[in-house]
Amino acid sequence: IIRLFFTSHKKNIDIHPVTLRLVTSLTKLIDTEVRHDYEANKMFLDILTSEQDSTRTLRLMNESNILGKFIPEFQKIVCLMQFDMYHSYTVDEHTIFTISNLHSLKNGKFRDFAPLASKVIQEISSYRCLFVAMLLHDIAKGKRGDHSINGSIVASVVCPRLGLSNDETENVKWLVLHHLLLSKTAFRYELGDPKIIKDFAIQVKTVERLKLLLVLTVADIKGVGPEIWNDWKGSLISDLYIKSLDILQRD
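A few points on the structure.

## As for the environment of S244
For S244, the location among the structural elements is in helix α16 (residues 231-250). Here the alpha-carbon distance between S244 and K222, two residues 22 residues apart in the chain, equals 22 Å. Excluding residues within four positions of it along the chain, S244 makes contact with I197, F200, A201 and L210.

## Some thoughts on the layout of surface pockets
In this structure, the second largest pocket spans a volume of roughly 160 Å³. Of all the secondary-structure elements, those providing two or more residues to the lining of the second largest pocket are α11 (147-162) and α13 (181-188). For the lining of the second largest pocket, the leading source of residues is α11, giving three residues.

## Topic: unusual backbone geometry
One non-glycine residue, N65, adopts positive backbone phi at about 70°. With respect to the helices and strands, the residue N65 is situated in the loop between α5 (55-63) and α6 (66-70). For N65, a relative accessible area of 25% translates into the label partly exposed. You will see that K205, though not glycine, has its phi angle at about 80°, which is positive. On the secondary structure map, K205 appears in the loop between α14 (194-204) and α15 (207-222). Relative accessible area serves as the criterion here: at 58%, K205 is assigned to the exposed category.

## Here we look at the pattern of salt bridges
Overall, the coordinates contain 12 salt bridges when judged by the stated rule. Here R59 makes a salt bridge to E93, at a shortest N to O gap of 2.7 Å. Of this pair, R59 sits in helix α5 while E93 sits in helix α8 (residues 91-106); the two residues are 34 residues apart in sequence, bridging distant segments of the chain. By relative accessible area, which is 23% here, R59 ends up partly exposed. Overall, the relative accessible area of 22% leaves E93 in the partly exposed class. In this structure, K195 engages D199 in a salt bridge whose closest nitrogen and oxygen atoms are separated by 2.7 Å. Placement of both K195 and D199 in helix α14 is noted, with a separation of four residues, approximately one turn of the helix. Taken together, the salt bridges that share partners define one network made up of K119, E123 and K211.

The rules behind these values
- Residues numbered from 1 in each chain as written.
- Predicted model: local features only at pLDDT ≥ 70, side-chain atom pairs only at ≥ 80, totals over all residues.
- Heavy atoms only, no water.
- Helix = DSSP H or I, 4+ residues; strand = E, 2+ residues; numbered from the N terminus.
- Contact = heavy atoms within 4.5 Å.
- 1 Å grid on protein atoms, 1.4 Å probe; cavity = no way out; pocket = protein on both sides within 12 Å on 5 of 7 lines; lining within 4 Å.
- Points joined across faces, edges and corners; volume = space filled by probe spheres on them.
- Buried < 20%, exposed > 50% of the residue type's maximum accessible area, 1.4 Å probe, protein only.
- Salt bridge = Lys/Arg side-chain N within 4 Å of Asp/Glu carboxyl O.

Any link to function would need more than the numbers given here.
Written as structure tokens, this is what we have:
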């Protein structure tokens, strides 16, 4: 079943509706053994981190209930509504939109309104961390408690299963735990205060994490709703990034 979606994505071939209906009726075959199968996890990770936009395949996997069966933690956010004044989509749909946004940043489609993130994504060395963190950033919203903390715990289980190294797993856990750090700091604090910038840089620690966090934040905000992103937010995020980068490079 996983190979069907992998081949469809890799060769850009549609899956016949009859086949999709059959697959949907066989979701019980996705059991613990399949979830821990090396080849199955490698194929799924290849789909997620592919050069070509993976969101069409991920959406098909979600609609046929394969994604939720293969990653049970994802099942809890399927069709989960977010009752606030910002989010326009269910959590699972928002997550898939954010992955699409990463591809749009990478392909230069967002260069007009997010030039810095469009440039920085080309400099990132750990694309696997970026895309896995994007998949998992809101995965714990169906649980009680802080979804960032709970999501980081989920990442510590899912990442090794997908074949990520210890260093990659630590980066993904950090990104999920702190995926709101950049936006909260930029929008809530005085960026003219050197202490605010210094404290932020101390939390981030490395230039690579700063780059990952910038790109993740822009893709996340853009995936909240069609009217959420604006020039004011873009300016504050860029200002915080540039000032923090200066400190981290000097350190």
